[in-house]
Amino acid sequence: MTLTIATRQSPLALWQTEFVADQLRALHPGLEVRLLPMSTRGDLILDRSLAAIGGKGLFLKELEEAMLAGQADLAVHSMKDVPMTLPEGFELAAILERADPFDAWVSNRYPRFADLPVGAVVGTSSLRRQVQLRSVRPDLVLKDLRGNVNTRLRKLDDEEYDGIVLAVAGLARLGFDDRVAERLTPPRMLPAVAQGAIGIEIQSARADLRALLAPLGHDLTTRCVLAERAMNRLLEGNCQVPIAGHAAVVGDQLHLAGLVGALATQTVIRAEATGALDAPEMLGERVAQDLLAQGAAALLRSAH
Ligand SMILES: NCc1[nH]cc(CCC(=O)O)c1CC(=O)O
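Keep in mind that this is a model prediction, so the values were computed, not measured. (Residues numbered from 1 in each chain as written. Predicted model: local features only at pLDDT ≥ 70, side-chain atom pairs only at ≥ 80, totals over all residues. Heavy atoms only, no water.)

Note that Asp100 resides in the loop between strand E4 (90-95) and strand E5 (103-106). Sequence-wise, Asp100 and Tyr110 are 10 residues apart; in three dimensions their C-alpha atoms are separated by 22 Å. When residues no more than four places from it in sequence are discounted, the contact partners of Asp100 are Val168, Ala169, Arg183 and Gly196. At 2.9 Å, the side chain of Asp100 forms a polar contact with the backbone nitrogen of Phe102. (Helix = DSSP H or I, 4+ residues; strand = E, 2+ residues; numbered from the N terminus. Contact = heavy atoms within 4.5 Å. Polar contact = N/O pair within 3.5 Å; in protein donor to acceptor, adjacent residues only side chain to side chain.)

Written out as structure tokens, the structure is:
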């Protein structure tokens, strides 16, 4: 049997897909696994914000079309880039054990974020990162920075940034651990929902693949990611606003911290809660309700 995995073509996406392919080969000797690298609209349009071009789904669409056309059996994604609701007929078959979920401070000039001088220039196009950077350091000058991880590191080296912010997981996977000057952990920086987790998407009709992929899934990561995504789903009335969230297992419970921000008004709303491991989505919805009660809805509307 041959399995074809659709993937984006960025070095990070290819690394993650090879990682999944290797595990499948080890798990199922005799299984032939090959990659189908593709460009997505999300990769091609680099001059506009994701919100402006239609959201995270644009990183998945071409891969889903390949599955529908029978050219691929599964698709591997950074869970962070997966929309909160998948198109009809698709589902997540497995979420792998999460790597480091936090962001990294990367700089050739200032090894410590706290040592940045007034008015320092920091590169990131992520509204989530921008709003949190501004919240701790209103003086910083935020400069646009798009492209894949390798491109962003090259821009840091070539252009006038005092530093940039990237996910630790992406850097580590590509062998750039040494570029992590400092980990930016909460409450200073809450990561994107599902950051650091890799997910496998299939067509719901391919029940034959579920059992084959199930051993790659990681139970506690899945619970954390479900909690984070349930929070985001309830908050996201169709719009792209700065939302951050991180769930972790504490003792025999699940703890979730969430945040919604608005760049224009420099507002940040936070909430956290602890709940049963067995009801991650309820916990996510509880934190979302708390954020909404604190005014997140009005804040999300004002972001349009
Ligand atoms: N938006 C791009 C993206 N999607 C996933 C990661 C990092 C890897 C991960 O979170 O698993 C990155 C790069 C970054 O934000 O630095």
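Having seen it, we continue.
What follows concerns the sheet that holds strand E13 (residues 267-276). Whenever strands of a sheet pair, they do so through backbone hydrogen bonds, lying parallel or antiparallel. With antiparallel pairing, the 3 strands of this open sheet are ordered in space as E11-E12-E13. The outermost strands of the open sheet, each flanked by one partner alone, are strand E11 (243-250) and E13. Geometrically, the sheet is characterised by an average inter-axis angle of 15 degrees between neighbouring strands, direction not taken into account. The pairing of strand E12 (residues 253-262) with E13 spans 10 bridges and is classified as antiparallel. Its bridge partner lying in E13, Gly258 is registered against Ala271. (Pairing = 2+ DSSP bridges. Axes fitted to C-alpha atoms, helices over the stretch in contact; angles between N-to-C directions.)

Quick look at the pairing of strand E10 (residues 198-203) now. For E10, a buried count of 6 out of 6 residues is recorded, marking the element as mostly surrounded by other parts of the structure. Pairing analysis gives 4 bridges linking strand E3 (residues 74-78) to E10, with the strands arranged antiparallel. Bridging across to E10, Ser78 finds its partner in Ile198. (Buried < 20%, exposed > 50% of the residue type's maximum accessible area, 1.4 Å probe, protein only.)

Moving on: the site of the ligand. Lys80, Asp81, Ala167, Arg173 and Gly196 are the nearest of the 13 residues found near the ligand. Contacts to the ligand include Ala167, whose backbone N or O atom sits 2.8 Å from an oxygen atom. Between the ligand and Arg173, the relevant distance is 2.9 Å, taken from an oxygen atom to a side-chain nitrogen or oxygen of the residue. Taking 390 Å² as the accessible area of the ligand by itself, protein coverage stands at 89%. Among the secondary structure elements, those contributing two or more residues to the shell around the ligand are strand E8 (163-167) and helix H7 (168-173). Partitioned by chemical class, the residues of the shell around the ligand number 5 nonpolar, 4 polar and 4 charged. When residues are assigned to domains, the shell around the ligand turns out to be shared by domain 1 (2-96 + 197-217) and domain 2 (103-184), each giving three or more. (Near = heavy atom within 4 Å. Areas by Shrake-Rupley, 256 points an atom, 1.4 Å probe, with all protein chains shown as cover. Nonpolar A, V, L, I, M, F, W, Y, C, P; charged D, E, K, R; others polar. Domains from an automatic or database assignment.)

This next bit is on the side chain of Thr17. Topologically, Thr17 is positioned in helix H1 (residues 11-27). What Thr17 contacts, discounting residues up to four positions off in sequence, is Ile5, Thr7, Leu35 and Val76.

A low pLDDT means the predicted coordinates there should not be read in detail. With 94% of its residues at a pLDDT of 70 or more, the protein chain has an overall mean of 93. Across the whole predicted complex the pTM is 0.94, and at the interface the ipTM reaches 0.96. (pLDDT = per-residue confidence, 0-100.)

Here we take up the nonpolar core. By size, the foremost hydrophobic cluster in this structure holds 39 residues, and its most contacted members are Met79, Met231, Leu235, Leu256, Val260, Val287 and Leu291. Contributing elements (two or more residues each) for this core: helix H4 (61-68), E4, helix H9 (219-235), E11, E12, E13 and helix H10 (280-302). With 7 residues, the top contributor of residues to this core is H10. Counting residues domain by domain, this core receives three or more from each of domain 1 (2-96 + 197-217) and domain 3 (232-302). With sequence-adjacent residues up to four places away left out, Leu256 is seen in contact with Ala227, Glu228, Met231, His246, Ala247, Ala271, Glu272, Ala273, Leu283, Gly284 and Val287. Core analysis: the second largest hydrophobic core is formed by 19 residues, Ala21, Leu24, Leu31 and Val76 among them. (Core = buried A, V, L, I, M, F, W, Y, C linked by side-chain atoms within 4.5 Å.)

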